[in-house]
Amino acid sequence: MDEAQGSRRRQAVIFLGPPGAGKGTQAAELSRRCGVPHLSTGEMLREHIVQNTELGKLAKPIMHRGDLVPDELVLKMVEKQLSRPDYERGFLLDGFPRTLPQAEGLDRLLETGGFGKPVVIHFMVQPNQLLRRLAGRRTCTVCGRTYNVFERPPQVPNVCDDDGGALMQRKDDSEEIVGPRLDAFYKQTEPLVEYYRSHGLLEDVAAIGEVETVTKAVMEAVCRPR
Ligand code: AP5
């Protein structure tokens, strides 16, 4: 995958990091620059909740208490999405995998789909920064663009710069849900750092500083010859 056109074919990139680390922000930017689809399991699950599907009904109480949705449901949802033709040449995964069974399931999907080994970008941010980013996050209800009232505010409070849409705060960004979400990350997802490191696939990125600085570091890590 490169900025011009995605010359490395069939490349999967995984963004791994705690809630609020900036995965969604960077995935939107890389997807735009590299012209590859961005699959966010959190976004997909929230859409199921809005559509009130069977999966949405199951996922809603789990997500609203900050726990992880069961592996088999998430794997099935991802498998279906990855079978779409626009995913054939490569994609960015944001928020997936989040457990060892999900990582092993993804390994099987990548092998079956003829993909090479993924590149795993590990977003590193201190916990106090994460709390501030999550507390300040606001999302446009029309286009999904993400702002931060402390660090990256819109020009007019609560209004999207791009389309004038109203900004909203995610339900699971409330103080009482952020704690369980961070616990779930450190207990169930952080072990994947060692899993991917031991396979030689991990690239550590200090996801702090200006968004553009982080984008540059992520791009360099994704494009590093290996
Ligand atoms: P999901 O939607 O995936 O949430 P998350 O992983 O908790 O990550 P976030 O979206 O909170 O953070 P982010 O890293 O994308 O940060 P962002 O770029 O927005 O999952 C939600 C829930 O769905 C889970 O809790 C679980 O229940 C369920 N789920 C999802 N996937 C699942 C799976 N695979 N298995 C089981 N369950 C699953 O940035 C955050 C803020 O920081 C923004 O305000 C942004 O503007 C700001 N910011 C970004 N970069 C910077 C920077 N460099 N400097 C300053 N501020 C910045």
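Anyway, here's the lowdown on the structure attached to this text. What you see is a predicted model, and the numbers here were worked out from it, not measured in a lab.

### A closer look at the overall build of the protein chain
Turning to step 1, where the next piece is worked out: Along its length, the protein chain carries nine helices and eight strands.
Turning to step 2, where the next piece is worked out: Taking 2.2 N^0.38 as the reference for a compact globule, 226 residues should give roughly 17 Å; the C-alpha atoms of the protein chain span a radius of gyration of 17 Å, in line with that estimate.
Turning to step 3, where the next piece is worked out: Out of the 226 residues belonging to the protein chain, those deemed buried represent 46%.
Turning to step 4, where the next piece is worked out: Counting only contacts in the protein chain whose residues sit at least 6 apart along the sequence, the fraction spanning at least 24 positions is 71%.
Turning to step 5, where the next piece is worked out: The centroid of the 31 positive side-chain charges in the protein chain is displaced by 1 Å from the centroid of its 32 negative side-chain charges.

### Topic: the pairing of strand β1 (residues 11-16)
Turning to step 1, where the next piece is worked out: Burial within β1 is extensive, with six of its six residues counted as buried.
Turning to step 2, where the next piece is worked out: In β1, alternate side chains face the same way, and those of Gln11, Val13 and Phe15 on one face and Ala12, Ile14 and Leu16 on the other are all buried.
Turning to step 3, where the next piece is worked out: Pairing of β1 with strand β3 (residues 90-94) involves five bridges; the strand directions are parallel. Residue pairing for β3: Gln11 is matched across the bridge by Gly90.

### A word on the pairing of strand β4 (residues 119-124)
Turning to step 1, where the next piece is worked out: β4 sits mainly inside the fold: five of its six residues count as buried.
Turning to step 2, where the next piece is worked out: Pairing geometry for β1 and β4, over four bridges, is parallel. Pairing of Phe15 across the sheet is with Ile121, part of β4.

### Focus on the site of the ligand
Turning to step 1, where the next piece is worked out: The full set close to the ligand counts 35 residues, and Thr25, Asp67, Arg98, Arg137 and Arg181 are the nearest of them.
Turning to step 2, where the next piece is worked out: At 3.0 Å, a backbone N or O of Gly22 approaches an oxygen atom of the ligand.
Turning to step 3, where the next piece is worked out: Residue Asp67 places a main-chain N or O atom 2.6 Å away from an oxygen atom belonging to the ligand.
Turning to step 4, where the next piece is worked out: Taken by itself the ligand offers 1,000 Å² of open surface, and the protein chains cover 97% of this.
Turning to step 5, where the next piece is worked out: The residue inventory of the shell around the ligand, partitioned by class, reads 13 nonpolar, eleven polar and eleven charged.

### Remarks on unusual backbone geometry
Turning to step 1, where the next piece is worked out: The linkage connecting Phe96 with the following residue, Pro97, adopts the cis geometry, with an omega of -5°.
Turning to step 2, where the next piece is worked out: For Pro97, the location among the structural elements is in the loop between β3 and α5 (100-112).
Turning to step 3, where the next piece is worked out: Positioned with a positive phi, Asn158 is a non-glycine residue whose angle comes to about 65°.

### A short note on the sheet that holds strand β6 (residues 146-148)
Turning to step 1, where the next piece is worked out: Pairing is antiparallel across the open sheet formed by three strands, whose spatial order is β6-β5-β7. Whereas interior strands pair on both sides, the edge strands pair on one side only; in this sheet they are β6 and β7 (167-168).
Turning to step 2, where the next piece is worked out: Bridge analysis of strand β5 (residues 137-140) against β6 gives three bridges, and the strand direction is antiparallel. Residue pairing for β6: Arg138 is matched across the bridge by Tyr147.
Turning to step 3, where the next piece is worked out: Where helix α6 (residues 127-136) meets the sheet, its contacts fall on β5 and β6, and the angle it forms with β5 comes to roughly 40°.

### Re the side chain of Glu203
Turning to step 1, where the next piece is worked out: Here Glu203 is to be found in strand β8 (residues 202-206).
Turning to step 2, where the next piece is worked out: Within polar-contact distance, the side chain of Glu203 engages the side chain of Arg224 at 2.4 Å.

### Topic: the packing of helix α2 (residues 41-51) against helix α4 (residues 71-82)
Turning to step 1, where the next piece is worked out: With their axes 11 Å apart at the nearest point, α2 and α4 run at an angle of 100° to one another. By the angle between their directions, the pair α2 and α4 is classed as roughly perpendicular. Residues Thr41, Met44, Leu45 and His48 of α2 form the contact with α4, whose own contacting residues are Val74, Met77, Val78 and Gln81.

### Quick notes on the packing of helix α1 (residues 23-34) against helix α9 (residues 211-223)
Turning to step 1, where the next piece is worked out: Where α1 contacts α9, the axes come no closer than 10 Å and their chain directions differ by 60°. On the basis of the axis angle, α1 is oblique to α9. By crossing handedness, the relation of α1 to α9 is classed as right-handed. Between α1 and α9, the residues in contact are Thr25, Gln26, Glu29, Leu30, Arg33 and Cys34 and Val211, Val214, Thr215, Val218, Met219 and Val222, respectively.
Turning to step 2, where the next piece is worked out: Residue classes in the contact of α1 with α9 are distributed as seven nonpolar, three polar and two charged.

Cut-offs and rules
- Residues numbered from 1 in each chain as written.
- Predicted model: local features only at pLDDT ≥ 70, side-chain atom pairs only at ≥ 80, totals over all residues.
- Heavy atoms only, no water.
- Helix = DSSP H or I, 4+ residues; strand = E, 2+ residues; numbered from the N terminus.
- Rg over C-alpha atoms; globule rule 2.2 N^0.38 Å.
- Buried < 20%, exposed > 50% of the residue type's maximum accessible area, 1.4 Å probe, protein only.
- Contact = heavy atoms within 4.5 Å.
- Lys, Arg positive; Asp, Glu negative; His and termini not counted.
- Charge placed at Lys NZ, Arg CZ, Asp CG, Glu CD.
- Pairing = 2+ DSSP bridges.
- Near = heavy atom within 4 Å.
- Polar contact = N/O pair within 3.5 Å; in protein donor to acceptor, adjacent residues only side chain to side chain.
- Areas by Shrake-Rupley, 256 points an atom, 1.4 Å probe, with all protein chains shown as cover.
- Nonpolar A, V, L, I, M, F, W, Y, C, P; charged D, E, K, R; others polar.
- Axes fitted to C-alpha atoms, helices over the stretch in contact; angles between N-to-C directions.
- Parallel < 35°, antiparallel > 145°, perpendicular 65-115°, else oblique.
- Left-handed = near helix turned anticlockwise from the far one by under 90°.

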